[in-house]
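Tertiary structure, described
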Amino acid sequence: MKNLLKFLCLAVTFSFLSTSLSLAEGFNSVYSADGVYVIAAGDQGNIFRSYNSGNTWAKYTETGINFKSVFTLGTDVWLATDNGKVYKSSTISPLMTPYSTGVTTSVNSVYFVNANIGFICGDNGLLMKSVNGGAVWSSANTGIAAGIKLNSVSFKDALNGIVVGDNGKVYITANGGTNWIPEIVTTTRNLLDTKFYSDGIGIAGEWGTLLFKSTASAWNYVDTKINTDIRGITGVSFNDIHVCGGGGFIRNNINGNNEFLNFEPNPMLANLVDIVYANGIGFAVSSLNNAIIRSTNGGTNWGLTAGATATYNWTLKQATSGNIGNPFCLHPQNRNGIFILAGSTLYRSLDKGNTWTTLSSGIPGGNCHSFFVNPLDTNIMVATKGSGSTSGRVIKSTNYGTTWFDLIFPIALTSYGMPLEADPNNPNTLYLAPDGDSMMVSTNYGNNWTSLGGGEPGNIFRSPCDVAIQYGNSNVMWVGDGVTGSGTGKLWKTVNGGINWTLVNSTTGSEIPMIATTPLNVNLVYHTTWSSGSFWKSTSAGSNFTDLNQSGSLWATDIARDDPTAICYDLYGSNAYVSLNGGDNFTSVNVGSSPAAGISYMDKANLLIQHGGGVFKFSVNYSVITAITENTISNIPNSFALAQNYPNPFNPTTNIKFDIPKSGNVSLKVYNELGKEVNTLINSFRSAGTYEINFDASALSSGIYFYTLRTDGLTATKKMLLVK
């Protein structure tokens with residue numbers, strides 16, 4: 001037993017965790033074989049265990065050990081680390097035995113076929129096999145190219161397995177790892193996770209990479225329509241695959257949805273790095289916080305576990321002035337990049353809005369309403385500025401925003417909307433909707449324009465606030481039209497590229513400032529309404545709309561680029577509203593600045609908004625509750641003893657100290673005066689030693705309680721008094 005490492009502390013009673021804290025917070029892996037015992041592990045020895053399907057958690061810490069992967073089977077638990085070791089534990093004890101693999105390379109994945117046969121993979125082509133439950137490991141990498149970083153290994157049975165790694169490397173074995181055969185897949189992206197089902201295989205990777213195949217078929221390459229990473233894959237079969245990643249999305253291919261466009265609403269606003277389903281219960285984790293989420297209905301919806309809560313706020317990232325439209329533009333060639341033309345100054349961020357650099361200033365034309373960067377050449381930029389019949393203008397830069405020239409000046413443009421839109425399907429095509437005129441189109445990024453049609457008599461629009469184009473079909477477009485004080489906002493739709501228009505929604509508000517669409521669901525359309533009205537949703541490609549019963553003067557809106565269940569809108573004031581379940585309900589968060597201007601929902605974890613004071617970023621803090629705090633006080637005591645709690649009486653926390661001279665199963669429970677159990681503080685294996693428990697009784701009412709310690713046939717009970 002000399003190799004046993006015992007976790008010395010179990011903390012924290014109330015931990016307020018942020019998505020930007022140290023490596024000690026967050027997880028790299030989560031696993032459950034039965035949906036009851038669950039373990040999550042991460043860097044700096046961070047481990048959470050639950051023995052009741054995630055209803056409560058115990059937190060363990062082993063400083064200095066970075067856990068990369070965890071796997072359970074029966075009562076056995078294995079944890080892989082970044083220093084070449086594999087630790088073995090059990091579902092009934094927190095004790096761990098470290099086993100050396102003979103290398104110091106990072107072990108990125110561990111998988112066991114049965115209690116004896118297991119595999120690990122890692123950096124530098126590491127692929128090893130154990131036939132005695134992980135005690136001894138031997139190389140099993142015949143056929144694996146030297147130096148390849150392998151990220152995930154999975155087996156269908158003792159013979160058939162798969163391992164995936166960087167640069168699109170995939171290897172298959174049919175003889176239990178005796179040798180591996182390269183599998184040709186047409187991607188060079190880093191592959192991060194894989195699952196070998198009884199009837200097929202799934203692989204997930206960076207930049208939205210997702211491929212799957214049945215046992216006998218060729219690979220299916222999924223157009224996931226995202227550029228964020230897919231990091232976790234789980235499910236019970238080839239036709240029931242669930243994946244997670246990006247800023248917190250979970251999606252699946254249930255019911256034959258081979259594009260994985262079934263999205264599972266969940267409360268995580270951070271990168272999801274691993275997911276597991278067992279007996280219909282799912283768990284998923286982020287590497288940035290300790291908030292483990294759970295689904296008990298196959299992914300229909302997810303929630304935070306163990307009473308965890310989330311609090312939201314906005315943080316100013318860049319002071320700006322000017323604007324009333326939406327002059328954000330995602331960097332077309334850098335997935336972490338975004339621009340904003342705020343008034344006369346052009347800013348750029350390459351870290352998802354956390355820090356900003358000024359690219360140019362003194363750009364003419366007053367407030368900016370729309371701004372776009374050419375996807376083929378980022379030196380080319382176009383914007384609309386100014387307003388009214390004599391001061392509206394369309395300007396262009398061909399040198400990365402350093403100098404600008406007029407494309408059209410003057411032109412009658414709205415003073416409050418976004419009359420210019422870039423075609424997401426054709427990189428050089430722009431659409432422009434002037435006041436009192438027809439829609440216009442340019443196929444050479446603004447150099448020349450052709451008139452199309454409009455919805456009002458005379459084939460015009462009144463004062464277009466926003467233009468939206470359906471992803472994948474440029475014939476389908478919408479225009480939000482309105483005049484301040486008119487009393488009626490109108491949403492128009494075309495299905496023939498802007499020639500003819502149909503009125504699809506008319507609202508009591510005088511304007512429709514912004515329209516939100518997404519490539520992840522072309523039938524999903526939202527729009528806002530100012531100065532009265534509501535927030536409107538369509539699931540019929542904008543042909544019919546439902547009133548979501550939101551009040552106020554609504555302004556900007558956007559849908560998360562990697563998860564259409566996440567949506568944000570703001571008021572023309574200081575409040576913004578976020579929904580994580582497709583608009584079923586919203587949370588209001590005060591930005592602290594007004595008025596509203598624009599929104600860019602880069603991914604589910606990265607939401608930017610411009611209000612009067614500048615660019616603000618949405619952030620979340622998770623409050624994670626673990627049951628108790630436990631510390632080992634001294635070496636092995638001479639006798640069994642249970643001390644009186646202190647302080648006593650107490651409110652609401654107290655300490656309970658006990659001695660156990662022999663290792664064994666320990667139970668420490670709290671009962672009320674009627675003998676009913678009200679809390680289990682410990683119910684698992686403990687080594688001989690002296691322990692001290694800090695018990696938080698916030699959930700209990702005032703009164704007399706009893707705590708009972710049982711171990712190795714010995715029992716002791718003490719009385720304590722809670723006074724609130």
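This text gives an overview of the structure that appears in the document. The structure presented is a predicted model; accordingly, all values stated were derived computationally and were not measured.

A separate point is the pattern of salt bridges. Counted under the stated rule, the structure contains 14 salt bridges. A salt bridge links Asp229 to Arg335; the shortest N-O distance between them is 2.8 Å. Residue Asp229 is found in the loop between β22 (220–221) and β23 (230–237), and its partner Arg335 is found in the loop between β32 (328–330) and β33 (338–342); the two are separated by 106 residues along the sequence. Taking relative accessible area as the criterion, Asp229 reaches 14% and is therefore assigned buried. Residues Asp603 and Lys352 are paired through a salt bridge, measuring 2.6 Å at the closest nitrogen-oxygen approach. A residue pair is termed long-range when its members are at least 10 positions apart, and Asp603 in strand β56 (residues 596–603) and Lys352 in the loop between β34 (345–349) and β35 (357–360) qualify at 251 residues. The exposure class of Lys352 is buried, given its relative accessible area of 16%.

Turning to the side chain of Ser109, a few remarks are in order. Locating Ser109 in the fold gives a position in strand β11 (residues 107–112). Classification of Ser109 as buried rests on a relative accessible area of 6%. At 3.2 Å, the side chain of Ser109 forms a polar contact with the backbone nitrogen of Val153. For Ser109, the residues in contact, after removing those within four places along its chain, are Ser69, Phe119, Ile120, Cys121, Asn151, Ser152 and Val153.

Tallied over the entire structure, the rule returns 28 aromatic pairs. Geometrically, the ring pair formed by Phe461 and Trp501 is edge-to-face, given 5.1 Å between the ring centres and 85° between the ring planes. Placement of Phe461 in the loop between β43 (450–451) and β44 (464–469) and of Trp501 in the loop between β46 (489–494) and β47 (502–507) is noted, with a sequence separation of 40 residues between them. Here the two residues Phe461 and Trp501 agree in accessibility, since each one is buried.

Let us look at the sheet that holds strand β39 (residues 405–408). In any sheet, the strands associate via hydrogen bonds between backbone groups, in a parallel or an antiparallel arrangement. Spatial strand order, β36-β37-β38-β39: 4 strands in an open sheet with antiparallel pairing. Single-partner strands in this sheet number two, and they are β36 (368–373) and β39. Adjacent strand axes in the sheet meet at a mean angle of 25°, parallel and antiparallel pairs treated alike. Bridge count between strand β37 (residues 381–385) and strand β38 (residues 393–397): 5 bridges; the pairing is antiparallel. Across the sheet, residue Met381 finds its bridge partner in β38, namely Ser397.

What counts and what doesn't
Residues numbered from 1 in each chain as written. Predicted model: local features only at pLDDT ≥ 70, side-chain atom pairs only at ≥ 80, totals over all residues. Heavy atoms only, no water. Salt bridge = Lys/Arg side-chain N within 4 Å of Asp/Glu carboxyl O. Helix = DSSP H or I, 4+ residues; strand = E, 2+ residues; numbered from the N terminus. Buried < 20%, exposed > 50% of the residue type's maximum accessible area, 1.4 Å probe, protein only. Polar contact = N/O pair within 3.5 Å; in protein donor to acceptor, adjacent residues only side chain to side chain. Contact = heavy atoms within 4.5 Å. Phe/Tyr/Trp six-rings, centres within 6.5 Å; stacked < 30°, edge-to-face > 60°. Pairing = 2+ DSSP bridges. Axes fitted to C-alpha atoms, helices over the stretch in contact; angles between N-to-C directions.

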